Structures are given as C-alpha cells and as structure tokens.
Amino acid sequence: MPVPAPSRRAFLQGCAAGLSLALIRPALAQDAEAPPPLGFRELADGVWLHTSWKKVEQGWVASNGLAVIGPEDVLLIDTAWTPAQTVTLLERVAEAAPNRPVNLVVTHAHDDRLSGLAAVHARGGWSLARDETAQEAAGAASIQRSWSGESTTITGGGRTIELFYPGPAHTRDNTVAFLPDSAVLFGCMIRAAEQANLVAVPDSDICRWPQSVEAVIARYGKAAKIVVPDQGEPGDAGLLSHTHQLAKAEAAKSCSPAG
C-alpha cells in the first residue's frame, strides 16, 4: 500500500531508523554535534566510495555513494546526506579531478541520495534518475533527466555504467548501478555483512524484497567483484546472498504465503 505523501516525506531521511548498532558510530564526546569527516577513498581505478553521516538517537549513521572519475568528467552516484556534506564532497572531487564537470545519478528518492542535488546543479552538472524516482522527488527537488523501463546504459566518468531496476525492495523505486569495467555494484537495497537486520522504512516492500534481490543476483551475481551496500563496508558478491537471506527471513515473518 502506498505511503501517504506526508508520512513518506517524513521518512525521506535515509535509512537511519532501526539500524544495527554495528553500523552506528558514536559521536566523539568532545564534539558530539559535528559529524565524522566525510569518507572518500578509492575502491577501484577511478571509482571512489564517499561516505556521509546523519545523527540519530544512538549516534552517527553512515550513508555510502560512489564518485566515478574519468579523464573528462565525474559521475556521482548519489549525493552526500546533506547539502553541506555534498559541497564538501564536491571539493574533494575537485581536488582529485580538477576542472572536470560533475554530474549525478540518483538511485532513489531519499534524502541521503539527493539532498545535495542543488549543489551539483549550481556547479553546472546534470542529474538523472529513473522516472519513478524523479516523480517521487518532485516535491523536494528537481531531477533534470529521467529514464524508464528495466535498465539503461549511460556513459559517465569515462566509462559505461548500467542502471537496473530489479523491483521494489528498500523503496519502491530503488535502482542499482553496475560498472562492468571495474566490476563494482552499488545499491541501497544491499545490506552490509555486519548488518544483522534488513532495516525497512515505511516505503519498503518487504514481501517483494527477496525476489528483487534474486533479480540482482541473476544479473550481476557472477560479474560483481566489489559490492557496495547502502551503509557499512563494501564486500564481494556474498553481500547479495546475505541480503537475500535477511530479506527472506523478514518476508517469512511479515508476509502471507502468497506474498
């Protein structure tokens, strides 16, 4: 059942609620109001992991995204969690890749994916998301371009990137991104090895999450060598089977046999 718009906007804050404590970094006692530094490290040649933060009751929660750096341009796959952190991210990108335009792919309509949209646009970059994501985000931000259907292939950061919609899971509109030349797969429906719970939000689809993970496994399970979850440490394709087990367990508790 669709979540009413006000409730949905209240939850467009990323995936903080219900997180395993293993994914929460306590704030430093001497600086409890400041987030940990923005994470920015290279996972594969030209493919960087960016990690930003939001404070919840238990402490600081991380959110992952990618920066794909090519010789002529940079493609962000999701912004940082806040506009200010996205500005810092863009500064880090500029240090690593001076004088290159930075464009953006948004994987779903939550704040940890698109809060920095205006910062990207202000620097002349374009933004792209699947049509459902663009529609969901319309009340909070304006995504400039959209794509439709099950998948599309784009060029960004000097390489080919495939965007795939496996079906509803973490959100109704969640997509994954795959970089064939570096075998990197990223998606917010994927859970880290240290995460012992699926972590659902009001617009999650618990009952179809297992089938959606199965679609990702069928398409990328053998090809993906580095798998980046929404939060926590990257791993290998084992994160897909781990997520599948969590999703099946939650669906067994929450859904009828017919799904």
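To keep things clear, this report deals only with the structure shown in the data block. Just so it is clear, the structure is predicted and the values come from calculations on it, not from any experiment.

1. A closer look at the sheet that holds strand 9 (residues 151–156)
Phase 1: One open sheet accounts for 5 strands, arranged 9-10-11-12-13; its pairing is mixed. Each of the sheet's edge strands pairs with one partner strand only, and the pair in question is strand 9 and strand 13 (226–228). Shown here is a sheet whose adjacent strand axes are inclined to one another by a mean of 20 degrees, direction ignored.
Phase 2: With 3 bridges connecting them, strand 10 (residues 159–164) and strand 11 (residues 176–179) associate as antiparallel partners. Considered in strand 11, the bridge of Glu162 is made with Phe178.
Phase 3: Contacts from helix 6 (residues 209–220) reach strand 9, strand 10, strand 11 and strand 12 (184–187) within the one sheet, and its direction differs from that of strand 10 by about 150 degrees.

2. Quick look at the state of the cysteines
Phase 1: Throughout the structure, instances matching the rule amount to 1 disulfide.
Phase 2: Here Cys207 engages in a disulfide with Cys255; their sulfurs sit 2.1 Å apart. Here the S-S torsion is close to -105 degrees, and the disulfide linking Cys207 with Cys255 is therefore left-handed. Here Cys207, found in the loop between strand 12 and helix 6, pairs with Cys255, found in the segment after helix 7 (238–254); they are 48 residues apart in sequence, far enough to count as distant.
Phase 3: Residue classification places Cys207 among the partly exposed positions, given a relative accessible area of 22%.

Calculation notes
Residues numbered from 1 in each chain as written. Predicted model: local features only at pLDDT ≥ 70, side-chain atom pairs only at ≥ 80, totals over all residues. Heavy atoms only, no water. Pairing = 2+ DSSP bridges. Helix = DSSP H or I, 4+ residues; strand = E, 2+ residues; numbered from the N terminus. Axes fitted to C-alpha atoms, helices over the stretch in contact; angles between N-to-C directions. Contact = heavy atoms within 4.5 Å. Disulfide = S-S within 2.5 Å. Buried < 20%, exposed > 50% of the residue type's maximum accessible area, 1.4 Å probe, protein only.

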